[in-house]
Amino acid sequence: MNIENVLIEGINALQISRVSNPQLDSEILLSNSINKDKKHIILNPKEILNTDQLTNFKNLIERRKKGEPIAYLINKKEFWNNEFFVNKDVLIPRPDTELIIEEVLKIYSKNTQLQVLDIGTGSGCILLSILKERSNFYGTGIDISKKSINVSKFNAKHLNLNNRVKFFHSSVDNFKIGKYDLIVSNPPYIELLSLKYLEKDVVNFEPKLALSGGFDGFSKIRKVISKASALIKKNGKFILEIGFNQKNKVMKILKEEGFYINKAIKDYGNNDRCIISTKI
Ligand code: GLN
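Residues numbered from 1 in each chain as written. Predicted model: local features only at pLDDT ≥ 70, side-chain atom pairs only at ≥ 80, totals over all residues. Heavy atoms only, no water.

Engineer: I keep staring at the site of the ligand and nothing clicks. Help me out?
Structural biologist: With respect to spatial proximity, the complete set of residues near the ligand consists of Leu-91, Arg-94, Asn-186, Pro-187, Pro-188, Tyr-189, Ile-190, Ala-210 and Leu-211. Separating a nitrogen atom of the ligand from a side-chain N or O atom of Tyr-189 is a distance of 3.1 Å. Burial of the ligand by the protein amounts to 86% of the accessible area it has alone, namely 300 Å². Along the lines of polarity and charge, the residues of the shell around the ligand split into seven nonpolar, one polar and one charged. (Near = heavy atom within 4 Å. Polar contact = N/O pair within 3.5 Å; in protein donor to acceptor, adjacent residues only side chain to side chain. Areas by Shrake-Rupley, 256 points an atom, 1.4 Å probe, with all protein chains shown as cover. Nonpolar A, V, L, I, M, F, W, Y, C, P; charged D, E, K, R; others polar.)

See the structure below:
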C-alpha cells in the first residue's frame, strides 16, 4: 500500500471512532511510523510502505482509536522552545504551563545567576525550559514518581543541561536539600470529584498521581507551599500553577506561609492559572 491509501484508511478508522482531528492525527502517526516529516507524506503520496511501517501505523491508529493521546503515541511533545520526551509516566506538558516560563523570563535578566527548584518536575519541561533560556541558572527537580525522574533525566541529557541540573526522587515532605532563589511548581490540583469529568483522553491515560489534588484539590498545593516556604531564600520568588477556582484560597495559604502576593495570571482560556509571590 502507498502513503496516500494508508493515510485514507487511517483517517476513516479515526473518523468512525469519533476522534476529533482524524486527518491531522493520521498524518502525525504516519510520519512517525515511517520516520519522515509531514511534508514528506504530502509530497510523496505514491511511495510504498514496507510491512514494518504498515504494522507500526496500524498499531498506532488502534491505540489512538481508544483515546490514547498523540503525545504518548509518538513519545514527544513541544513545550516552549523545545521538544520533550514523554510517556505515560508523566503528564503531557500543557501550553498554559508556559505562562510560568514567560513570567520567569520577565523577572530575571539574561545574566542573573541563581538556584531554581521545581517541585513535582514530571517530564522536567518547566525547569529545563527555564535553564535553556537562562545560562547562569542552576536547577534542582524533585518528583515523587521514580519513573518520572528517569524521563526528566533523559530530557536533561537530550537538551545538554546535565551539568546544570540535578533530579531527585523524593516526596515533597522528605526533601530538605538546599536554599533557592526561585521555586516553581505545577502540582496536582484537580479535586477528587472533578477527576472523572476531565477529558477522556486525560483521565484514561495520564498519571493520576500528577493530576489528583486529593479530596478538596488542595492537599498537594498545601504541601508544596509549606515546603517552598521552608526552602526559599528571603526575597525569593515562588511561581505556582493552580486550578481555575483556587486563586483566593491559595493566596490565603501563601500569605499564612509568609509570602507576599505579586500577581495572579490568567491562562489563554481566561482562567486564573498562576500565582507569583515573594518570600518576605
Ligand atoms: N492542567 C491540567 C489539566 O487540566 C492539570 C494539571 C495539574 O493538576 N497540575 O489536565
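Engineer: What is the right way to look at the pattern of salt bridges in this model?
Structural biologist: Any two side chains of opposite charge can pair, so long as their charged atoms come close to each other. Under the defined criterion, the tally for this structure stands at 15 salt bridges. For the salt bridge of Lys-106 with Glu-103, the shortest nitrogen-to-oxygen distance reads 2.8 Å. Taken together, the positions of Lys-106 and Glu-103, both in helix H6 (residues 98-107) and three residues apart, correspond to about one turn of that helix. Owing to a relative accessible area of 56%, Lys-106 belongs among the exposed residues under this scheme. Between Asp-267 and Arg-273 there is a salt bridge whose closest N-O contact spans 2.9 Å. Residues joined in a network through salt bridges with shared partners are Asp-25, Arg-64 and Asp-201. (Salt bridge = Lys/Arg side-chain N within 4 Å of Asp/Glu carboxyl O. Helix = DSSP H or I, 4+ residues; strand = E, 2+ residues; numbered from the N terminus. Buried < 20%, exposed > 50% of the residue type's maximum accessible area, 1.4 Å probe, protein only.)

Engineer: Teacher, can you tell me more about the nonpolar core here?
Structural biologist: In summary, soluble globular proteins display a tendency toward joint burial of nonpolar side chains. Counting residues in each nonpolar core, the largest one holds 30 residues, and the members touching the most others are Leu-117, Ile-183, Ile-225, Phe-238, Leu-240, Val-250 and Leu-254. Looking at this core, the elements with two or more residues in it are strand E3 (114-119), strand E6 (180-185), helix H11 (219-231), strand E7 (232-241), helix H12 (247-256) and strand E8 (259-266). Ignoring any residue separated from it by four or fewer positions in sequence, one finds Leu-240 in contact with Ser-185, Pro-187, Ile-221, Val-224, Ile-225, Val-250, Arg-273, Cys-274 and Ile-275. Core analysis: the second largest hydrophobic core is formed by 29 residues, Val-104, Leu-105, Tyr-108 and Val-184 among them. (Core = buried A, V, L, I, M, F, W, Y, C linked by side-chain atoms within 4.5 Å. Contact = heavy atoms within 4.5 Å.)

Engineer: I'm lost on the side chain of Arg-164 in this one. Help?
Structural biologist: If you trace the backbone, Arg-164 turns up in the loop between helix H8 (146-158) and strand E5 (165-169). For the buried Arg-164, which has no salt bridge, the nearest side chain bearing the opposite charge is Glu-133, at an N-O separation of 10 Å. Side-chain polar atoms of Arg-164 contact the backbone oxygen of Ser-135, separated by 3.5 Å. (Lys, Arg positive; Asp, Glu negative; His and termini not counted.)

Engineer: Just checking my understanding: could you explain the packing of helix H1 (residues 3-16) against helix H2 (residues 22-33) for this structure?
Structural biologist: Working note: a packed helix pair is described by the angle between its axes plus the distance between those axes. Remark: H1 packs on H2, axes separated minimally by 8 Å, with the N-to-C direction vectors making an angle of 130 degrees. By the criterion of interaxial angle, the relationship of H1 to H2 is oblique. Our pair here, H1 against H2, has a crossing hand that is right-handed. Touching Ile-3, Val-6, Leu-7, Gly-10, Ile-11, Leu-14 and Gln-15 of H1 are Pro-22, Gln-23, Asp-25, Ser-26, Glu-27 and Leu-30, all from H2. (Axes fitted to C-alpha atoms, helices over the stretch in contact; angles between N-to-C directions. Parallel < 35°, antiparallel > 145°, perpendicular 65-115°, else oblique. Left-handed = near helix turned anticlockwise from the far one by under 90°.)

Engineer: Quick question: what am I supposed to make of the pairing of strand E4 (residues 137-143) here?
Structural biologist: The side chains of a regular strand alternate between both faces of the sheet. In terms of residue burial, E4 counts as a mostly covered element, since six of its seven residues are buried. Alignment of E3 against E4, held across six bridges, turns out to be parallel. The partner of Leu-114 across the bridge, within E4, is Phe-137. You can see the chain leave E3, run along helix H7 (residues 125-133) and come back into E4, and the turn it takes is right-handed. Relative to E5, E4 runs parallel, the two sharing five bridges. Residue pairing for E5: Thr-140 is matched across the bridge by Lys-166. (Pairing = 2+ DSSP bridges. Right-handed = clockwise from strand over helix to strand, strands pointing away.)

Engineer: Quick question: what am I supposed to make of the layout of surface pockets here?
Structural biologist: Empty space among the atoms becomes apparent when a probe as large as a water molecule is rolled across them. Estimates place the volume of the second largest pocket at around 610 Å³. As for the second largest pocket, its lining consists of 34 residues, of which Gly-120, Asp-143, Pro-188, Leu-209 and Ala-210 are closest to the centre. Elements that contribute at least two residues to the lining of the second largest pocket include exactly H7, E4, H8 and H11. If one sorts the elements of the lining of the second largest pocket by residue count, H11 sits on top with three residues. Along the lines of polarity and charge, the residues of the lining of the second largest pocket split into 16 nonpolar, eleven polar and seven charged. (1 Å grid on protein atoms, 1.4 Å probe; cavity = no way out; pocket = protein on both sides within 12 Å on 5 of 7 lines; lining within 4 Å. Points joined across faces, edges and corners; volume = space filled by probe spheres on them.)

Engineer: Help me understand the state of the cysteines, please; the structure alone is not making it clear to me.
Structural biologist: What we call a disulfide is simply a covalent bond connecting the sulfur atoms of a pair of cysteines. Per the counting criterion, the structure on display carries zero disulfides. In this model Cys-125 remains outside any disulfide bridge; the closest cysteine sulfur is found in Cys-274, 13 Å from its own. By relative accessible area, Cys-125 is classed as buried at 8%. (Disulfide = S-S within 2.5 Å.)

Engineer: Hey, could you run me through the packing of H6 against H7 in this one?
Structural biologist: Orientation of H6 relative to H7, taken along the N-to-C sense of each, is 30 degrees, at an axis distance of 10 Å. You can see that H6 and H7 cross each other, and the crossing is right-handed. Contacts from Ile-100, Ile-101, Val-104 and Leu-105 in H6 reach Ile-126, Ser-129, Ile-130 and Glu-133 in H7.

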